[in-house]
Structure formats: structure tokens, C-alpha cells
Amino acid sequence: MINFSINLLPANLKANRKISLQNTTLLSLCITAVIIYVILLAIIFSLKTTLALSEKVDERQIDNLQVEIASFKDIQAQINFINDRGAELKNKDADKNKLMSNIIAEIAQSTPSDVQIQQLSANVKTKPNFKITGATTSIAEAVKFKEKLEESQFFGETNLQSAATDSTTHQVIFNIDFNLQTSGESQK
Amino acid sequence: MIIFNKTFWAILLSTLIFVLASAWFIGKPLVESAWQAYGKKADNKQQITSLEEKLASLQSLKKNQTKVSDIYQKAENFLPKEKNEGRFAVQIEDQSGKVGLILSNLTFTATKEQVNQTQTSEETTQAQGASQETTPTSAPKEKYPSVGFSTDLTSGWSQLLSLLQLIENGARSNNLYTLSINKGEGDNLAVRIEGVIYYKPSVVENDQTNTNISPELERKFETLGQSVPALDLTHGFGRENPFASY
């Protein structure tokens, strides 16, 4: 047996029904989209509210921590002072070549065995920085002293100012002046 | 087949207008403020972590208060806020005693505020006066205000060397500028030492480091003034006392 389904409604009525069904479908789709959109906004709103509340809690915690830290004001001041002075202390080892004890030890080391220093004056504020008056057996020894000072990494320009033999003692009395090595001079 | 009639467009457009308008006027500010709150939350978390670390560090230092106070005293002695020349006088007297010397005198000169290099050169020129033998040079720049000092003493060579080492490696920040040694009777030397001691009234605030003392710094302060480095006496003619007769 064969079944037939025949819509016998007039054509315009059929078209109206089709349009009405289409519009109902569209409306329900739009309403669904709006509902999803509103739910999304609600989620974002609740998230924002939660974050705002959490922010207040955090701020309160920060305030509490700052109050607690402030109660250590004295020790904090001490540590700050120690670190401030520490910066200067760290630089202390850097300029060993400028220490007077190292400089005069270097002069002593540069003095030949046949030379006796009689007078030594050092002044890092004026040039020449060092003046030495000494006695020795010969001019060659005074020159040897001068050359040894020149070799030193501590000292720069060295001059043998004078050398004269004392007729009574037969000693050669000499004067040498020299300067500290400056950063501009080449490394020896 | 879709039929685009007026009702279709009305539903579609009114939905779109509603969604876009509410997105612009409600959604956008809401998302912005939520994003901002999220960023603030991250910042706060970081700040809390940093403050908690700072607090923990301070609590730990508080437990070692005696040690911190001890280091503070040494730092204060090294570069004090005020001149404290009296304390230095005691130190230098003590240092002289250690090497068996007695200071003939100890004089403190006027305080110098921080000066620049040009001013120092000018002052040096004036100080030298009529002397034609010496020419002024750029003196080391004073980093901090200073008090000048000078002392006269009679000493042997090795004692002098030890004393200079003790002063220069001592507990107080100083700089020796002038040294005059004249041969006296026997092995005695007539010595004049001039220099400056520094002080620094201000303290530079440094929030990054003010809750911690590095172990290296701690060690440096603990050993400050307690030992002197050995002099390099290996490369010359090996002369022990250049003022001794040959």
C-alpha cells in the first residue's frame, strides 16, 4: 500500500508558514546568543568583583607587612648605614699603589746596597712627588738607583738632579726627584 | 532557501544593536577593569613576596642584633657621620704603641668640606707660596669632608714602615699625603706624617640592599684594622733599611 502526503494549502499560506517558522528559528537563535552573551558578562563581572575583593585583602596584607617592617626601623637604619659605608670599604683595596707604606717600601727595595738615603720627602699633592737626598760611593751607584726607581711600576718620570763628590768624606752626594706613576703613563 | 523579509532584518539588527551597544557601554569597561584588577593582583602578589622576604630578612637580622650592632660600630668607626678626630687620636696612639713608638705630637688642622680638583690645585698653589721648586698638581679628589692631621715622631725604619701600614690599613678611612724622613743620630729617623681622615654626614638610601649585609662585606668589616697585608719585598735589592750606612 502506498501513502501519499499532499499539502493542499494555498501557496501564499504555505509561504507565510515557512517565513513564520524561519523567523521563529532566528529569534530563538538570537535569544540564545544574547543569553550566552549576558552569561559571559556575568562571569566577567563576578571575576572582576572577586579580583577587587582579593585586591583589598592584598592591600590590607601589604599595609600589615609595612607596619611590621616599620617596627624594624632601627635595625634597617643600621643595615643601610653599613651598606653605605661598605661601598667605600670595597674601594679601599683598589689603590694599593697609592699607599704610602707600599711606596716607601718600594723605594727601600730600589735602593742599592752602596747608597744611603739621608733625606726623603714625599708629597702626593705637589710635583715632584718625591725628593731624595743620599750619599753613595760613585755617580754610577746614584744612576743605578735612579734606573731602579724608573723600572718600578709605582713611579713615573725620575730625574737625577745633581751629584757631587764631597772633598772631605769622598762621598758622592746626590739628589733625585720623581713622581708617582699616573694612569695616563704606559704600564711598565 | 532563506527569505529575507522585514521581520527577519528587524530581529537580526535589533539583536546586533543590543549586543554591540551593551558590549561597548558595559562589556568593554567591565573587561578593562577586570584586566586591570588582574594586573594589580599580580603586582600586589609580587609586592607581598618582596615584603615578606624583607620581613624575614629583618627578623633573621634581629635575632643577630649583637652581630649587626658590632658591624655597625665598625662601619661608624671607619667612616663616621661626624669628625670624631678624638677617636682617631686614640687609635693612632694605640697603633704607635704597638710598634713601640711614642708620638711627639699630633695636630689636627681645619676641616675641609668636599672640594673639587680645581679648588684643591688652587689651594695647593697658595700653600706652596713663593716656593719655585715645586709645582702644584691635581691632588686626589676628596670624596668626603675631611680633617687634616700631622704628627712628628722619632723612629727606626722598620717601626716606621709598620706604623704606616697600621695607619693605612687601620679602622678609620684615611689618606696619607705627605711624609718627610730625615736621618737622625744612629738608626733614628726624624719623621713627619701628614694626612687626612674622612667623615661622611649623609647616608645614601638603597632600598635594594638595606635588609641584607653581604657575607663579603661582613667579613671585610669584621677584619677591618685587625691585620695588615704583607709588603712585597722580593723584587728589589733586598735592602732592609735604606737610611743605614753602606
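Residues numbered from 1 in each chain as written. Chains lettered and ligands numbered in written order. Predicted model: local features only at pLDDT ≥ 70, side-chain atom pairs only at ≥ 80, totals over all residues.

1. What to know about the nonpolar core
So, point 1. Counting residues in each nonpolar core, the largest one holds 55 residues, and the members touching the most others are Met100 and Ile104 of chain A together with Leu160, Leu164 and Leu179 of chain B.
So, point 2. Residue contributions to this core peak at 7 residues, all from helix 5 (residues 157-168) of chain B.
So, point 3. The residues touching leucine 160 of chain B, leaving out its near neighbours within four places in the chain, are Ser155, Leu189 and Val191 of chain B. (Core = buried A, V, L, I, M, F, W, Y, C linked by C-beta atoms within 7 Å. Buried ≥ 20, exposed ≤ 12 C-beta atoms within 10 Å, placed from the backbone. Helix = DSSP H or I, 4+ residues; strand = E, 2+ residues; numbered from the N terminus. Contact = placed C-beta atoms within 7 Å.)

2. Structural notes on the domain arrangement of chain A
So, point 1. Splitting chain A by domain gives domain 1 (9-94) and domain 2 (96-180).
So, point 2. If you average the C-alpha positions of domain 1 of chain A and of domain 2 of chain A, the two centres end up 77 Å apart. (Domains from an automatic or database assignment.)

3. Focus on the interface of chain A and chain B
So, point 1. With 68 residues of chain A at the interface, the matching set in chain B holds 80 residues.
So, point 2. At the level of secondary structure, the elements contributing two or more residues to the side of chain A that touches chain B comprise helix 1 (11-70), helix 2 (73-91), helix 3 (100-110), strand 1 (115-123) and strand 2 (126-127) of chain A.
So, point 3. With 26 residues, the top contributor of residues to the side of chain A that touches chain B is helix 1 of chain A.
So, point 4. For the side of chain A that touches chain B, the residue count by class is 34 nonpolar, 22 polar and 12 charged.
So, point 5. Here strand 1 of chain A runs beside strand 4 (residues 174-183) of chain B; their pairing, made up of 5 bridges, is antiparallel. If you follow serine 121 of chain A over to strand 4 of chain B, its bridge partner there is serine 180 of chain B. (Nonpolar A, V, L, I, M, F, W, Y, C, P; charged D, E, K, R; others polar. Pairing = 2+ DSSP bridges.)

4. Section: helix 2 (residues 65-78) of chain B
So, point 1. Compared with an ideal rise of 1.5 Å per residue, which puts 14 residues at 20 Å, helix 2 of chain B spans 20 Å between its outermost C-alpha atoms and is within 8% of the ideal.
So, point 2. Every buried residue of helix 2 of chain B is accounted for by Ile71, Tyr72, Ala75, Asn77 and Phe78 of chain B.
So, point 3. On its buried face, helix 2 of chain B sits against helix 2 of chain A together with helix 3 (85-98) and helix 6 (215-223) of chain B. (Expected span 1.5 Å × (residues − 1).)

5. Quick notes on the pairing of strand 4 (residues 155-165) of chain A
Residues and elements named next belong to chain A.
So, point 1. One ladder, built from 8 bridges, connects strand 4 with strand 5 (residues 172-180); its direction is antiparallel. Looking at strand 5, one finds that alanine 163 is bridged to phenylalanine 174.
So, point 2. In sequence, strand 4 turns back onto strand 5 through a hairpin of 6 residues, with histidine 170 there showing a positive phi of about 60°.

6. Concerning the environment of phenylalanine 130 of chain A
Residue and element names in this part refer to chain A.
So, point 1. With respect to the element layout, phenylalanine 130 can be found in strand 3 (residues 130-136).
So, point 2. Given 23 C-beta atoms within a 10 Å radius, phenylalanine 130 is considered buried.
So, point 3. On a C-alpha basis, the gap between phenylalanine 130 and leucine 40 in space is 86 Å, while along the polypeptide they are 90 residues apart.
So, point 4. Apart from the residues lying within four places of it in its own chain, the contact partners of phenylalanine 130 are Ala122, Asp177 and Phe178.

7. With respect to the sheet that holds strand 4 of chain A
So, point 1. What the 8 strands build is an open sheet, ordered 4(A)-5(A)-3(A)-1(A)-4(B)-5(B)-3(B)-1(B); its pairing is antiparallel. Both edges of this open sheet fall to strand 4 of chain A together with strand 1 (103-112) of chain B, since each of them pairs with a single strand only. Averaged over all neighbouring strand pairs, the angle between strand axes comes to 20°, with direction disregarded.
So, point 2. When strand 3 (residues 146-155) of chain B meets strand 5 (residues 189-198) of chain B, the two strands line up antiparallel, connected through 10 bridges. Its bridge partner lying in strand 5 of chain B, serine 150 of chain B is registered against glutamate 194 of chain B.
So, point 3. Contacting strand 1, strand 3, strand 4 and strand 5 of chain A, helix 4 (residues 139-151) of chain A runs over the sheet at an angle of about 170° to strand 4 of chain A.
So, point 4. Relative to strand 1 of chain B, helix 3 of chain B is tilted by about 150°, and along the sheet it contacts strand 1, strand 3 and strand 5 of chain B. (Axes fitted to C-alpha atoms, helices over the stretch in contact; angles between N-to-C directions.)

8. Digging into the environment of isoleucine 139 of chain A
Residues and elements named next belong to chain A.
So, point 1. With respect to the helices and strands, isoleucine 139 occurs in helix 4.
So, point 2. A C-alpha to C-alpha distance of 8.6 Å links isoleucine 139 and threonine 165, two positions 26 residues apart in sequence.
So, point 3. Setting aside its immediate chain neighbours within four residues, isoleucine 139 contacts Ala163 and Val172.

9. Points about unusual backbone geometry
Generally, phi is negative for residues other than glycine and the peptide bonds are trans, each holding for most cases.
So, point 1. Here the residue pair lysine 127 of chain A and proline 128 of chain A is connected by a cis peptide bond, since its omega of -5° sits within 30 degrees of zero.
So, point 2. Mapped onto the elements of the fold, proline 128 of chain A is located in the loop between strand 2 and strand 3.
So, point 3. Within the chain, histidine 170 of chain A stands out as a residue other than glycine whose phi angle is a positive 60°.
So, point 4. Position of histidine 170 of chain A among the secondary structure elements: in the loop between strand 4 and strand 5.
So, point 5. Unlike most non-glycine residues, asparagine 84 of chain B shows phi in positive territory, near 50°.
So, point 6. With respect to the helices, strands and loops of the structure, asparagine 84 of chain B is situated in the loop between helix 2 and helix 3.
So, point 7. A tally of 16 C-beta atoms within 10 Å means that asparagine 84 of chain B is categorised as partly exposed.

10. Structural notes on the environment of glutamate 55 of chain A
So, point 1. Turning to its location among the elements, glutamate 55 of chain A is positioned in helix 1.
So, point 2. Judged by the 17 C-beta atoms lying within 10 Å of it, glutamate 55 of chain A is partly exposed.
So, point 3. For glutamate 55 of chain A, the contacting residues outside a window of four places in its chain are Ala37, Lys40, Lys41 and Asn44 of chain B.

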